[in-house]
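The residues making up each chain are set out below.
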Amino acid sequence: MASDSNMDREMILADFQACTGIDNIAEAITLLELNNWDLVAAINGVIPQENGILQSNFASEASQTGPYGPHSQSEATAPAPSAPPSSESASASASSSSSPPSSSSPAFCPVQPSRHIVERQSRMLNFRVEYRQRSTEVVLEDASTIGDIKSILETELQVPVSKMQLKGWKSGDISDSTVLRSLHLPKNNSLYVLTPDIAPSASTSQSSAQQGLSNQNYLLVISHREAQRDYSLNFPASKTIQEVKRNISDLTNIPVRHQQWDGWPASASDDSMTLASSGISYPCHHLTVCRRSSPALTVDQTDECTDVHMVSDSEGDDFEDAPEFGVDESEIFGMGSSTCRKSPMMPENSENEGDALLHFTAEFSRRYGDSHPVFYIGSLEAAAQEAFYGKARDRKLLAIYLHNDESVLSNVFCSQMMCADSIVSYLSQNFITWAWDVTKEANKARLLTMCTRHFGSVVAQTIRTYKTDQFPLLLIVMGKRTSNEVLNVIQGDTTVDELMMRLMGAMEIFTAQQQEDIKDEDEREARELVKREQDEAYRLSLEADRKKREAQEREEAEQVRQERIRKEQEEEREAIRLSLEQALPPEPKEEGEEPISKLRIRTPSGEFLERRFLGSSKLQVLFDFVASKGYPSDEFKLLTTFPRRNITQLDPVWNLVEAKLFPQETLFLEAKE
């Protein structure tokens, strides 16, 4: 029942926009809600306010077969009692009465014949017309005809009107006299010109050559899967992929936006690429095309969704500008709701939040393309941690996107707002974006639990109060010292400009708070730096004192050690001296029978040592005597005065006579170098 109600509202919304010319979907929904989705009351409430002047009244009411039934000729042409109708309104009334409205056209306005019919003000329509390598902009009032467009293009493109085929119209039955207003076109439109009877001119070929395009032709063997038919088509290398798809659309009656291809190489990522640069095989390349089928449905939903897509296809077989605007008609009128989706945005009972977000991102990309905000993969707590609790300069706002497939606004918000390049860029630079799907009650309850835990019960209660048709929501959350604060809750009924303004407003508040946090953080870091420097200076002072103390202790220890060694050496030397002194033979007397040698030895200090030795005494006895006086032979040498001789170098077994130190001699001691 919910799906039937959604579909009824979608049809009411489509009819309301067709009758009033209101392009803003959010505005149209608001007006319908004010009138409890009463189509007639909403139209009669809007048209007098916009156009102001009542043009004609019907004199009487006639019975109809239904709200969508045709008007009678007498009703349509009845004159107004107050003033005669203008020629334009009369012709419009005549045309509407003569040809009943087509059920396939969304421009048909189901208003009761007894209601007032007013003349709409003129609207300016923009047309971008592509012809081969050229693109021309045309701006006309909706009171103009298709022939007026062709006349302008004849001047711009130098193509005769008779040889010009203007393609891309949403309605099938058109002619050069068709008034643009009767087609109920959007403000921006995309058309293209075909000239099958005119070969490419030399200038065109030269221009293509200047652009580096090859003059070779490609043979494309294209298999139409449903019709089980193959087309062998020759295309010049300067043809774009988009032009090929348009030609196939004329052959197979499959609109470009509904074509599903197999066989294009990975390098052919853009339909504006030429065949020469697309990477296809030369000279022949095989491709397969079929109509893109609707996603798989449950048994109960199959018939309903099939009907929806049949209507969509019949309405737009020749309308080729849908890829340019980035959204299909079924998405504009909310027909891309969850009832026709193959899988939900998020599994209902996923145990891991990261896995649920991976599924959400993949499904979002599948539905709306890869150009969307980068959704944080992880728990809400982890996203808040990364956004709020880093360094002040690195903090960001947290954008929580809440999706609901049961809302008629979801497809429009996702395709036109969340996928807009300006919004994607701004969110990526300044926000951590986290998403959740609340279509299922279990997922919604889980979200409310997470919000209560991280942001408090007020935020959870706020989310709980929003109705389904107010979704999707975009919560802007800012981290604060004590608690996190929700700055803004953006509902789905908004525009790109309004969404950008509200994001920028939140950024202004966040930037002011961030500057205060940065200032506080810098002051805190400066204080901590001073404290660290003081601690470091104190540590270095202690270290210097410690090193100084250790050096002093080492020096004192070294002095003690050297003193000990010196004492030991002195004791050892004294012991040697005493032992040598005790081992010396007694000094002989002068009156002895043996010959005696008197030796006089001058020390380095200037003192003299005198002693008598037997002439037969060995030189070693002389050396021991000198050593016993503190002058060992390993430190001092014993020299004669004249001639100068080094006695210590002589053989110590020689006696004094042999050493020529007899009967007397004066020697002196000299320290060895």
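Below or above, wherever it landed, is the structure these notes cover.

Calculation notes
- Residues numbered from 1 in each chain as written.
- Predicted model: local features only at pLDDT ≥ 70, side-chain atom pairs only at ≥ 80, totals over all residues.
- Heavy atoms only, no water.
- Helix = DSSP H or I, 4+ residues; strand = E, 2+ residues; numbered from the N terminus.
- Buried < 20%, exposed > 50% of the residue type's maximum accessible area, 1.4 Å probe, protein only.
- Contact = heavy atoms within 4.5 Å.
- Salt bridge = Lys/Arg side-chain N within 4 Å of Asp/Glu carboxyl O.
- Pairing = 2+ DSSP bridges.
- Axes fitted to C-alpha atoms, helices over the stretch in contact; angles between N-to-C directions.

1. Digging into the side chain of Ser410
- Mapping Ser410 onto the fold places it in helix α16 (residues 410-418).
- A relative accessible area of 1% places Ser410 in the buried class.
- Those residues in contact with Ser410, other than ones at most four positions away along the chain, are Tyr368, His403, Asn404, Asp405 and Pro472.

2. A short note on the environment of Ile152
- One can find Ile152 in helix α6 (residues 146-157).
- A residue is classified by how much of its surface remains accessible, and Ile152, at 30% relative accessible area, is partly exposed.
- Along the chain, Ile152 and Val138 lie 14 residues apart, while their C-alpha atoms are 7.8 Å from each other.
- In contact with Ile152, not counting residues within four places along its chain, are Val138 and Leu140.

3. Considerations on the pattern of salt bridges
- In the structure shown here, the tally under the stated rule is 33 salt bridges.
- A salt bridge links Glu525 to Lys391, with the nearest nitrogen and oxygen atoms 2.9 Å apart. Of this pair, Glu525 sits in helix α20 (residues 496-583) while Lys391 sits in the loop between α15 (380-388) and β9 (397-403), placing them 134 residues apart in sequence.
- Given the relative accessible area of 31%, Glu525 is considered partly exposed.
- On the basis of relative accessibility, which here comes to 44%, the residue Lys391 falls in the partly exposed class.
- Across the salt bridge formed by Arg561 and Glu558, the nearest N and O atoms sit 2.6 Å from each other. Placement of both Arg561 and Glu558 in helix α20 is noted, with a separation of three residues, approximately one turn of the helix.
- On the basis of relative accessibility, which here comes to 32%, the residue Arg561 falls in the partly exposed class.
- Within the structure, one salt-bridge network assembled from shared partners comprises Glu363, Arg366, Arg367 and Asp405.

4. Regarding the sheet that holds strand β3 (residues 165-167)
- Ordered by their spatial adjacency, four strands build an open sheet running β2-β1-β4-β3, and the pairing between neighbours is mixed. Looking at the sheet topology across the chains shown, the edges are occupied by β2 (134-141) and β3. Within this sheet the neighbouring strands show an average axis-to-axis angle of 30°, counted without direction.
- The pairing of strand β1 (residues 124-131) with β2 spans eight bridges and is antiparallel. Counterpart to Val129 in the pairing with β2 is Thr136.

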